[in-house]
Amino acid sequence: MDFELNQDQLAFQQSARDFAAGEMAPHAAKWDEESHFPVDVIARAGELGFCGLYTPEAAGGLGLSRLDATIVFEELARACPSTAAYFTIHNMVSWMIASWGTAALKSHWCEDLASGRRIGSYCLTEPGSGSDAASLKTSARLVDGHYVINGSKAFISGAGSTDVLVVMARTGSEGARGVSAIVVPGNAPGVNYGKKESKMGWNSQPTRTINFDNVRVPADHLLGNEGEGFVFAMKGLDGGRINIATCSVGAAQAALDAAHGYMKERRQFGRPIADFQALQFKLADMQTELVAARQIVRLAAAKLDAASPDATTYCAMAKRLATDLGFRVCNEALQLHGGYGYIREYPLERYFRDVRVHQILEGTNEIMRVIVSRQLLGSDNLDHIR
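Quick caveat, the model's predicted, so the values are computed rather than measured.

**Some thoughts on the overall build of the protein**
When helices and strands are counted, the protein shows eleven helices and ten strands. Its C-alpha radius of gyration of 21 Å places the protein within 12% of the 21 Å reference for a compact globule of 386 residues. Its C-alpha atoms give the protein principal-axis dimensions of roughly 80 × 55 × 40 Å. For the protein, with 386 residues in total, the buried portion stands at 52%. When the accessible surface of the protein is summed, it comes to about 16700 Å², and 52% of that surface belongs to carbon and sulfur atoms. When the 38 positive and 43 negative side-chain charges of the protein are each reduced to one mean point, those points stand 4 Å apart.

**A few points about unusual backbone geometry**
You will see that aspartate 144, though not glycine, has its phi angle at about 50°, which is positive. With respect to the helices, strands and loops of the structure, aspartate 144 is situated in the loop between β2 (139–143) and β3 (146–157). Judged by relative accessible area, which is 71%, aspartate 144 ranks as exposed. If you check the backbone angles, alanine 307 has positive phi at about 55° while not being a glycine. Here alanine 307 is to be found in the loop between α8 (277–305) and α9 (311–336).

**Section: the packing of aromatic side chains**
Aromatic rings considered in pairs are described by the distance between their centres and by the relative angle of their planes. Counted according to the given criterion, the structure contains ten aromatic pairs. Plain terms: the ring middles of tyrosine 54 and tryptophan 95 are 6.1 Å apart, the flat faces sit at 65° to each other, and that makes the pair edge-to-face. Here the residue tyrosine 54 occupies a position in the loop between α3 (39–47) and α4 (66–79), and tryptophan 95 occupies one in helix α5 (residues 81–100), the gap between them amounting to 41 residues. Through a chain of ring-to-ring contacts, three or more aromatic side chains come together here, namely Tyr54, Trp95, Trp100 and Phe232. Over the ring of tyrosine 54 we find arginine 66; its NZ or CZ atom is 3.7 Å from the centre of that ring.

**With respect to the pattern of salt bridges**
Here the structure, examined in full by the defined rule, presents 22 salt bridges. For arginine 117, the salt bridge goes to glutamate 111, with nearest N and O atoms at 3.7 Å. Side by side, arginine 117 and glutamate 111 carry an identical accessibility label, which is exposed. Between aspartate 324 and arginine 369 there is a salt bridge, with the nearest N and O atoms lying 3.5 Å from each other. Here arginine 369 lies in helix α11 (residues 365–377) and aspartate 324 lies in helix α9, a separation of 45 residues in the sequence. We classify aspartate 324 as buried; its relative accessible area is 18%. Members of the salt-bridge network, linked through shared partners, are Arg17, Glu75, Arg78 and Asp257.

**Some remarks on helix α6 (residues 103–115)**
In an α-helix, one turn spans 3.6 residues, which is why side chains three or four residues apart end up on the same side. The end-to-end C-alpha distance of α6, which contains 13 residues, comes to 18 Å, matching closely the 18 Å that a straight helix rising 1.5 Å per residue would cover. Most pronounced at tryptophan 109, the bend in α6 amounts to some 40°. Listing the buried residues of α6 in full gives Leu105, Trp109, Cys110, Asp112, Leu113, Ala114 and Ser115. Immediately downstream of α6, the backbone of glycine 116 shows phi near 85°, a positive value.

Calculation criteria
- Residues numbered from 1 in each chain as written.
- Predicted model: local features only at pLDDT ≥ 70, side-chain atom pairs only at ≥ 80, totals over all residues.
- Heavy atoms only, no water.
- Helix = DSSP H or I, 4+ residues; strand = E, 2+ residues; numbered from the N terminus.
- Rg over C-alpha atoms; globule rule 2.2 N^0.38 Å.
- Buried < 20%, exposed > 50% of the residue type's maximum accessible area, 1.4 Å probe, protein only.
- Areas by Shrake-Rupley, 256 points an atom, 1.4 Å probe, with all protein chains shown as cover.
- Lys, Arg positive; Asp, Glu negative; His and termini not counted.
- Charge placed at Lys NZ, Arg CZ, Asp CG, Glu CD.
- Phe/Tyr/Trp six-rings, centres within 6.5 Å; stacked < 30°, edge-to-face > 60°.
- Lys NZ or Arg CZ within 6 Å of the ring centre and 35° of its normal.
- Salt bridge = Lys/Arg side-chain N within 4 Å of Asp/Glu carboxyl O.
- Expected span 1.5 Å × (residues − 1).
- Bend = angle between axes of the 7 residues up to and from the residue.

What follows is the structure, given as structure tokens:
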């Protein structure tokens, strides 16, 4: 059991840190203020492989492990949690097409997605199905060699600006076994985008509803077989939960760094506020919780890489813990800044706003508790999750 990063991982970390410092951090506040989606920066990140981190090399990606990917995402999130979160979604889309797409789909999409020349959105959530994803209503009927898709998706990241959509649609009976995954070009006739949502955070990526009105795509745009879509969606979400958890860790690290520096500079009652034991203890707790969050994320990633049978449980535990602690660290860092933490001249309020949604998406933290508790109560022997 080795908790130190190897030389390759340290190199990935430094590469991501340099890119984030040079291409993201100087612009993150402006992207947030102007609700600007930095597709040009995403494309430049693609040149470094950051758009296809765990997409197989045969499909144009780097073929890294999920553990390696968390190291990169954390560094990107230290600069801009919102944009880093979009990178994680795009990576999932690229990986899903590379994993289960037909040869024709892979040839058409994968290299461009992995390089960042084209970008994607993941379409699972609907206006009437959030946590109960298996109840989705979007339908796909096979007619004369084409799937005809009708329905709506909600809260889709990147929607209206992305080139390809991985859409979960019902091709069969009610429930999870009737769901299939279908690749849809973002500009296909009948794909209509709603207004860009005005959000608390995540302003550097657009969020829209997507309506599908008799959208026709060839039958070979199906990922895997009919009825396998929900399985693919859940496999995607295992990784997605690790990814969003590591974005919380990155944001929390940036917030802690800012608080650490501020406490040494800010003087009250004739002394640096770092001299006050109450604030020292608060900083110590933030550091401790941040390390714990990072380690459970990396443990869950290692479980996923090893295809461990309890990987889903660990991904849920990591997502719940890291997003809760990440938000708490950002909130405490804001508090340590006093009134300055509340104004946009400082990045604390942006970190706070961006990480709040991490407790909701990729499965709410309440659903994470459902997953973990079901695993606990469904077994008489807990050795496998110790």
